[in-house]
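Fold and geometry: a report
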Amino acid sequence: MSFSPFRRRLVLGTGLTILLLLPAMASFAGDPYLITLFSRILIYALAAVSLDLIIGYGGMVSLGHAAFVGIGAYVVGILSFHVQDGSLLLSWPFELQASDAALLVWPAAVLISALMAVLIGSVSLRTSGLQFIMITLAFAQMLFYLAVSLEAYGGDDGISIWSRNRLPLVDLSDDSSFYYICLVCLLVFLYLSHRLVFSRFGRVVRGAKQNELRMQSLGFPTYRYKLVCFSIAGAGGGLAGVLIANQNEFVSPGLLHWTHSGELIVMVLLGGMGTLFGPVFGAAALLLMEELLSAYTEHWMVFLGPFLILVVLFAKRGIYGWLSGAGGNHA
Amino acid sequence: MLKLRRVEACYGSSQALFGVDLELADGSVTTLLGRNGMGKTTVVRSIMGMLPLRAGVIRLEGREIQRLPSYAIARLGIGLVPEGRRIFPNLTLRENLLVAAANYAGASEPYTMEHVLSIFPKLSDRLNHFGNQLSGGEQQMLAVARALMINPRVLILDEATEGLAPLIRAEIWRGLTILKEKGQTILVIDKNIDALLRIADHHHIMENGRVVWSGSSSQLAADKTRQSRYLGV
Ligand SMILES: Nc1ncnc2c1ncn2[C@@H]1O[C@H](COP(=O)(O)OP(=O)(O)OP(=O)(O)O)[C@@H](O)[C@H]1O
Ligand SMILES: [Mg+2]
């Protein structure tokens, strides 16, 4: 990439330092709300990075990514509902007790999101372009209405979660601890994604984005590669959903709504598509803008449009590309 | 090595190949000649499984491949330098080569990145450039080099020198000559008859979806009327 390596390190180093020190800075500034806000930024960054894997690297523009966020969140919500209720999660074909142990719930939620992504991807990836956008949107909306129709789990109103998941040694109800767990999740996902993108698997997916037939004629069944990539992204979205549910102590169908998917796309575009770190900046920019502007007007979205246009026009690789001095001629 | 019998192929409802017969001997360099639109690329697409056949059989070392998907055909050892834009513009030169690296055919001395770069030494300086930062000639050399990285039993080049300056073209012909000396089986489609007469062993001329003439280099060289009639040279 034609990023200037020094500037890039500087930008990433500064960003990481801010994130690492944030809870300390927040308590120094006497504003604990900053921790909540930045936890939210970290979580959305995770969702946006996972979306960048398929949009930026795989060329699969999904307008249904929020579905996986929602699935992850609902797994946490439904399990916590049963724990609170004392009822069984499943009574047939075997009896299954619900749990609120993070070490069980979180991997289960991520796995279920990934499996749903395999299911949705295996149909959607038979199409491409506009059709792919529409079909991912349709799947996500189906799940949205499914969530609305789950009367037992609050339907439209969603599920209130009585307490965050339990983790040994770490108290998730403490906002600083929760913040650091979110940071660890984001950093681990970024690291794994970075490894993935620059592995052979990543080369196949990136190459197939440009020309799928050509990649097949080198011996790669590109459909399978894209499907695996899609389900890894789904898993990342699911993990973000798990964290959202825990942070808000509440899940509702709105999480799966297509506008939520749209916000994730905006984060990817703002931050820089196909840059992995960019979506972190994109998530921060969008949520901070929302935070600052919504204090003045409820129509803060009005400012987002022009801002997005400026970024897309003048910063080809988004905020991250602009900060780190990316050259222009990268496909 | 590779054998096509009575291959017929269509684009939708319009038939493009009408019973093509073609045979590539082990270690030979064979050409497919013909004017624009005669069906050369269509033959290549048929071999690579990118176009469903209406009839006919394609065998690679005796094994029928005409119903296999492209990736499986590549894995059996057919390396393609496709027509048109050939490389992955968003991967670096090194990545373009690495992604292809394989030894599907189980060659005893497989090509590695070093071997391939020694055939096209100009590429060595540009390993970290993205595909779209390379010149046309570099892109074409890279496309040949990349096809070699899968260690193909058969290497197919579809207009690999199209639009290149004579010096760069010569570079590609030089590369092919090295490959030929190593015993690589090659099917080449190109408009430069003079170069092909030097390098290739057998020639096939296509017209309107059929092979209308086959023969050796000396036969073709001697037959000026045929050259002008079918090839317009
Ligand atoms: N994708 C396509 N859809 C429909 N018809 C096609 C397609 N590609 C080629 N054809 C038709 O098939 C016939 C053979 O085309 P083909 O590309 O195989 O010719 P060619 O010999 O490779 O020509 P050239 O020298 O220009 O590359 C032509 O009549 C062409 O119009
Ligand atoms: Mg052609």
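To keep things clear, this report deals only with the structure shown in the data block. (Residues numbered from 1 in each chain as written. Chains lettered and ligands numbered in written order. Predicted model: local features only at pLDDT ≥ 70, side-chain atom pairs only at ≥ 80, totals over all residues. Heavy atoms only, no water.)

1. Quick notes on the overall build of chain A
Each helix and strand in chain A was counted, giving 13 helices and four strands. Here the C-alpha atoms of chain A give a radius of gyration of 20 Å, agreeing with the 20 Å that 2.2 N^0.38 yields for 331 residues. For chain A, with 331 residues in total, the buried portion stands at 53%. Across chain A, every contact between residues at least 6 apart in sequence was considered, and the portion connecting residues at least 24 apart equals 75%. By element, 68% of the accessible surface of chain A is carried by carbon and sulfur atoms, the whole surface being about 14,900 Å². When the 17 positive and 17 negative side-chain charges of chain A are each reduced to one mean point, those points stand 26 Å apart. (Helix = DSSP H or I, 4+ residues; strand = E, 2+ residues; numbered from the N terminus. Rg over C-alpha atoms; globule rule 2.2 N^0.38 Å. Buried < 20%, exposed > 50% of the residue type's maximum accessible area, 1.4 Å probe, protein only. Contact = heavy atoms within 4.5 Å. Areas by Shrake-Rupley, 256 points an atom, 1.4 Å probe, with all protein chains shown as cover. Lys, Arg positive; Asp, Glu negative; His and termini not counted. Charge placed at Lys NZ, Arg CZ, Asp CG, Glu CD.)

2. Some remarks on the coordination of the magnesium ion (ligand 2)
Residues and elements named next belong to chain B. Around the magnesium ion (ligand 2), the protein supplies Thr41 (OG1) and Glu83 (OE) as donor atoms, at distances of 1.8 to 2.2 Å. You can see Thr41 sitting in helix H1 (residues 40-47) and its partner Glu83 sitting in the loop between strand E6 (78-81) and helix H3 (93-100), a full 42 residues away along the chain. Take Thr41: its relative accessible area is 14%, and that puts it in the buried class. On the basis of relative accessibility, which here comes to 37%, the residue Glu83 falls in the partly exposed class. (Donors = N, O, S within 2.8 Å, 3.2 Å for Na, K, Ca; no water.)

3. Some details on the sheet that holds strand E5 (residues 63-64) of chain B
All names here are of chain B. Taking strand neighbours across the sheet as the criterion, the four strands line up as E2-E1-E4-E5 in an open arrangement whose pairing is antiparallel. Among the strands making up the open sheet, the edge pair consists of strand E2 (14-24) and E5. In this structure, strand E1 (residues 2-11) lies alongside E2, joined through eight bridges in antiparallel fashion. Looking at the pairing, Lys3 lines up with Glu23 of E2. Here H1 sits on the sheet and contacts E1, E2 and strand E4 (53-60); the angle it forms with E1, its principal contact strand, is near 110°. (Pairing = 2+ DSSP bridges. Axes fitted to C-alpha atoms, helices over the stretch in contact; angles between N-to-C directions.)

4. Details of helix H6 (residues 166-181) of chain B
Residue and element names in this part refer to chain B. Look at H6: 22 Å from first C-alpha to last across 16 residues, which is about the 22 Å you get at 1.5 Å a residue. The set of residues buried in H6 consists of Glu171, Ile172, Trp173, Gly175, Leu176 and Leu179. In this fold, the buried residues of H6 make contact with helix H4 (113-119), helix H5 (136-149), strand E7 (154-158), strand E8 (185-189) and helix H7 (193-199). Positive phi shows up at Gly183, right after H6, with a value of about 90°. (Expected span 1.5 Å × (residues − 1).)

5. Things to note about the pattern of salt bridges
Summed over all chains, the structure comprises 14 salt bridges over all chains. Residue B:Arg54 is joined to B:Glu8 by a salt bridge in which the shortest nitrogen-to-oxygen separation is 3.7 Å. On the criterion of sequence distance, the pair formed by B:Arg54 in strand E4 and B:Glu8 in strand E1 is long-range, its members being 46 residues apart. When the shortest N-O distance is used, the salt bridge between B:Asp201 and B:Lys180 registers 3.1 Å. In this pair, B:Asp201 is assigned in the loop between H7 and strand E9 (202-207) and B:Lys180 in helix H6, connecting sequence segments 21 residues apart. On the accessibility criterion, B:Asp201 (26% relative accessible area) is partly exposed. Relative accessible area serves as the criterion here: at 25%, B:Lys180 is assigned to the partly exposed category. Three or more residues are tied together by salt bridges with common partners; here these are A:Arg164, A:Asp175 and A:Glu249. (Salt bridge = Lys/Arg side-chain N within 4 Å of Asp/Glu carboxyl O.)

6. Thoughts on the site of ligand 1
All names here are of chain B. Around ligand 1, a shell composed of 14 residues is seen, among which Asn36, Gly37, Thr41, Thr42 and Glu83 lie nearest. In the model, an oxygen atom of ligand 1 is placed 2.7 Å from a nitrogen or oxygen of the Glu83 side chain. A distance of 3.4 Å separates an oxygen atom of ligand 1 from a polar side-chain atom of Glu159. The element that contributes the greatest number of residues to the shell around ligand 1 is H1, accounting for four residues. (Near = heavy atom within 4 Å. Polar contact = N/O pair within 3.5 Å; in protein donor to acceptor, adjacent residues only side chain to side chain.)

7. Focus on the interface of chain B and chain A
Residue-level contacts link 28 residues of chain B with 23 residues of chain A. Contact between chain B and chain A buries roughly 2,200 Å² in total, counting both sides, with carbon and sulfur atoms accounting for 56%. Put simply, chain B and chain A have one salt bridge between them. At the boundary of chain B with chain A, the tally comes to nine residue pairs in polar contact (both at pLDDT 80 or more). Sorting the residues of the side of chain B that touches chain A by element identifies helix H2 (70-75), E6 and H3 of chain B as the ones contributing at least two each. Across the side of chain B that touches chain A, the residue classes break down as 19 nonpolar, four polar and five charged. (Buried area = accessible area lost by both parts, 1.4 Å probe. Nonpolar A, V, L, I, M, F, W, Y, C, P; charged D, E, K, R; others polar.)

8. Examining the packing of aromatic side chains
Residue and element names in this part refer to chain A. Enumeration according to the criterion identifies nine aromatic pairs over all chains in this entry. Ring plane angle 80° and centroid distance 5.3 Å describe the contact between Phe81 and Tyr153, whose orientation is recorded as edge-to-face. You can see Phe81 sitting in helix H3 (residues 66-85) and its partner Tyr153 sitting in the loop between helix H5 (129-149) and strand E3 (159-160), a full 72 residues away along the chain. For Phe81, a relative accessible area of 28% puts it in the partly exposed group. For Tyr153, a relative accessible area of 16% gives the class buried. A ring pair is formed by Tyr179 and Tyr180, whose centres lie 5.4 Å apart and whose planes are at 85°; its orientation type is edge-to-face. (Phe/Tyr/Trp six-rings, centres within 6.5 Å; stacked < 30°, edge-to-face > 60°.)

9. Section: the pairing of strand E3 (residues 29-33) of chain B
Residues and elements named next belong to chain B. Burial analysis of E3 places five of its five residues in the buried class, the great majority of the element. Going residue by residue along E3, you find Val29, Thr31 and Leu33 tucked away on one face and Thr30 and Leu32 tucked away on the opposite face as well. Note: E3 against E9, four bridges, orientation parallel. Residue pairing in the sheet places Thr30 in a bridge with His202 of E9.

10. Some words on the nonpolar core
Burial of nonpolar side chains together is a common tendency in soluble globular proteins. Grouped together as the largest cluster of nonpolar side chains are 156 residues, with contacts concentrated most on A:Phe230, B:Leu97, B:Leu155 and B:Leu157. The dominant element in this core, judged by the number of residues it contributes, is helix H2 (residues 33-57) of chain A, at 17 residues. Residues contacting B:Leu97, with those up to four places away along its chain left out, are B:Met113, B:Val116, B:Leu117, B:Leu142, B:Ala145, B:Arg146 and B:Met149. In terms of nonpolar packing, the next biggest core, distinct from the first, is built from 28 residues, B:Leu22, B:Val44, B:Ile47 and B:Leu80 among them. (Core = buried A, V, L, I, M, F, W, Y, C linked by side-chain atoms within 4.5 Å.)

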